[in-house]
Amino acid sequence: SQGVSSMSTTDNAPLTIRDMIEPAIKAAGGWVNTHAHADRAYTLSPDVLEMRRTCTLQQKWDALDRLKRESTEEDFYRRFSLFFENQIAQGVTALATFVDIDPQSEDRAIMAGLRARDHCQDQLTVKFANQTLKGVIHPEARKWFDIGADLVDIIGALPKRDERDYGKGAEAFDIILSTAKERNKMVHVHVDQFNESLEYETEQLCEKTIEHGMEGRVVAIHGISIGAHSKAYRERLYALMRRAQMMMIACPTAWIDTPRSEELVPMHNSMTPVDEMVPAGITVALGTDNVCDAMVPWNAGDMWHEMTTLATGCRFDYFDELVKIATVNGRKAIGID
């Protein structure tokens, strides 16, 4: 495809950065949104906003239970359809979305998602991953994790839940990776989401990936806390990620509102350190994460906004690399050749 650096203006008219990059993204196959939660999209209400103001991220995991219990399959179908239409309208050609498959949603959300995917399959390639807000250790949660693992394209995970509730984060990693290996599926894992130096989940995920022989099949999502560690640690981590052939998905808008902290750490922002990862040889892709819901009410699912937030927040203006992040890297991260 035509690289950004080879593009020229017409009649020497000045171009905006968007004018320069978007044609190259289209030429490279179109936008790829590698991470979303479409089953919860467009669920904002005054009550939801109040919950957001008063709950921490971990409290929100449980606060969503009522919404999921009360949502019918048709409610989920409408959300998926609206989200898919939003993505198609802006030129997204492929995406991956997590879906809650747990004691509250049961299989209603994934059944609705499969229907919505069939409806737009000529315009959009959709991959599903199972969200595990209840973890994988509790017997009831494990039952729905196993059911979901058979219904989705990508095994999804949130090990922090089992670490918080049972102190069994390592066991959760083992269950997730062994399940994916048995089913020959990729793995997408939420890691290092709290922007603090006490988190080492990306490192754990790399080590478990190598232990289970899943190199090149595992994708980390967010990695916000990486920037809270020292440069020496970050460089060691990037070397380990290369060994594990670990890919990383950045969702800038979803984490820019990370709360203030008095913790003394290297100066950084609450973003995936893409400016370091790309030169280190890590495959980085782009996602929106939640859209217009309790988790991220301000996010409208705009891929261009995600790119500009990433580029400015990380001071990363290597246009050809940004095009790869938005397109070919995304297809690799969700398992599309």
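One can find the structure itself at the top, above this paragraph.
On a predicted model such as this, the values are computed, not experimentally measured, just so you know.

Scoring rules and cut-offs
Residues numbered from 1 in each chain as written. Predicted model: local features only at pLDDT ≥ 70, side-chain atom pairs only at ≥ 80, totals over all residues. Heavy atoms only, no water. Helix = DSSP H or I, 4+ residues; strand = E, 2+ residues; numbered from the N terminus. Rg over C-alpha atoms; globule rule 2.2 N^0.38 Å. Contact = heavy atoms within 4.5 Å. Lys, Arg positive; Asp, Glu negative; His and termini not counted. Charge placed at Lys NZ, Arg CZ, Asp CG, Glu CD. Core = buried A, V, L, I, M, F, W, Y, C linked by side-chain atoms within 4.5 Å. Buried < 20%, exposed > 50% of the residue type's maximum accessible area, 1.4 Å probe, protein only. Polar contact = N/O pair within 3.5 Å; in protein donor to acceptor, adjacent residues only side chain to side chain. Salt bridge = Lys/Arg side-chain N within 4 Å of Asp/Glu carboxyl O. Phe/Tyr/Trp six-rings, centres within 6.5 Å; stacked < 30°, edge-to-face > 60°. 1 Å grid on protein atoms, 1.4 Å probe; cavity = no way out; pocket = protein on both sides within 12 Å on 5 of 7 lines; lining within 4 Å. Points joined across faces, edges and corners; volume = space filled by probe spheres on them. Nonpolar A, V, L, I, M, F, W, Y, C, P; charged D, E, K, R; others polar. Expected span 1.5 Å × (residues − 1). Axes fitted to C-alpha atoms, helices over the stretch in contact; angles between N-to-C directions. Parallel < 35°, antiparallel > 145°, perpendicular 65-115°, else oblique. Left-handed = near helix turned anticlockwise from the far one by under 90°. Pairing = 2+ DSSP bridges. Right-handed = clockwise from strand over helix to strand, strands pointing away.

**Quick word on the overall build of the protein**
Looking only at helices and strands, the protein features 16 helices and eight strands. Taken against the 2.2 N^0.38 rule, which gives 20 Å for 337 residues, the C-alpha radius of gyration of the protein at 19 Å falls within 12% of a compact globule. Of all intrachain contacts in the protein linking residues separated by at least 6 positions in sequence, the fraction that spans at least 24 positions is 82%. Each charge class in the protein was averaged separately, 37 positive and 51 negative side chains, and the resulting centres sit 1 Å apart.

**Looking at the nonpolar core**
One finds W31, F80, F84, V187, M241, M307 and I325 to be the most contacted residues of the largest nonpolar core, which totals 77 residues. Look past the residues within four positions of M307 in its chain and what remains in contact with it is I21, I25, W31, L286, L322 and A326. Among the nonpolar cores identified, the runner-up in size contains 24 residues, and V32, L64, A129 and A254 belong to it.

**Side note on the side chain of H37**
With respect to the helices and strands, the residue H37 is situated in the loop between β1 (31-33) and α2 (46-54). Looking at H37, the relative accessible area reads 4%, which means it is buried. Here the side chain of H37 touches D289 through a polar contact of 3.4 Å, side chain to side chain. When residues no more than four places from it in sequence are discounted, the contact partners of H37 are T97, F98, Q131, H190, D289 and N290.

**Comments concerning the pattern of salt bridges**
For the structure on display, the rule yields 20 salt bridges. In this structure, a network of salt bridges that share partners links the residues E73, E74 and R115.

**A closer look at the packing of aromatic side chains**
Applying the stated criterion across every chain yields a total of five aromatic pairs. Pairing F80 with F128 gives two aromatic rings, centres 5.9 Å apart and planes at 85°, and the pair type is edge-to-face. Taken as a pair, F80 in helix α5 (residues 73-89) and F128 in strand β3 (residues 125-131) lie far apart in primary sequence, 48 residues in all. Using a relative accessible area of 0% as the deciding quantity, one classes F80 as buried.

**Structural notes on helix α10 (residues 201-211)**
If you check which residues of α10 are buried, you get E201, T202, L205, C206, K208 and T209. Contacts from the buried residues of α10 go to α8 (159-166), α9 (169-183), β5 (186-191), β6 (218-222), α11 (231-244) and β7 (247-250).

**Quick look at the layout of surface pockets**
Considering only enclosed or pocket space, the second largest pocket measures out at about 340 Å³ in volume. S45, D47, V48, R66 and L67 are, among the 16 residues lining the second largest pocket, the residues nearest its centre. Counting residues per element, the ones that place at least two in the lining of the second largest pocket are α2 and α4 (65-70). The class makeup of the residues in the lining of the second largest pocket is seven nonpolar, three polar and six charged.

**Structural notes on α11**
With 14 residues, α11 should cover 20 Å at 1.5 Å per step; its first-to-last C-alpha distance of 20 Å lies within 8% of that length. The first or second residue beyond α11 is Q245, which carries a positive phi of 55°.

**Examining the packing of helix α7 (residues 139-151) against α9**
Two elements in contact, α7 and α9, have axes separated by 11 Å at closest approach and are oriented at 30°. Taken together, the axes of α7 and α9 are roughly parallel relative to one another. Note that α7 runs across α9; the crossing there is right-handed. In contact with R142, F145, D146, A149 and D150 of α7, α9 contributes I175, I176, T179 and R183. By residue class, the composition of the contact of α7 with α9 is four nonpolar, one polar and four charged.

**Brief notes about the pairing of β3**
In terms of burial, β3 is largely enclosed, as five of its seven residues are buried. Judged from the seven bridges that link them, strand β2 (residues 92-100) and β3 form a sheet pairing that is parallel. The partner of T97 across the bridge, within β3, is F128. Regarding topology, helix α6 (residues 108-119) serves as the crossover connection from β2 to the parallel β3, and that connection is right-handed.

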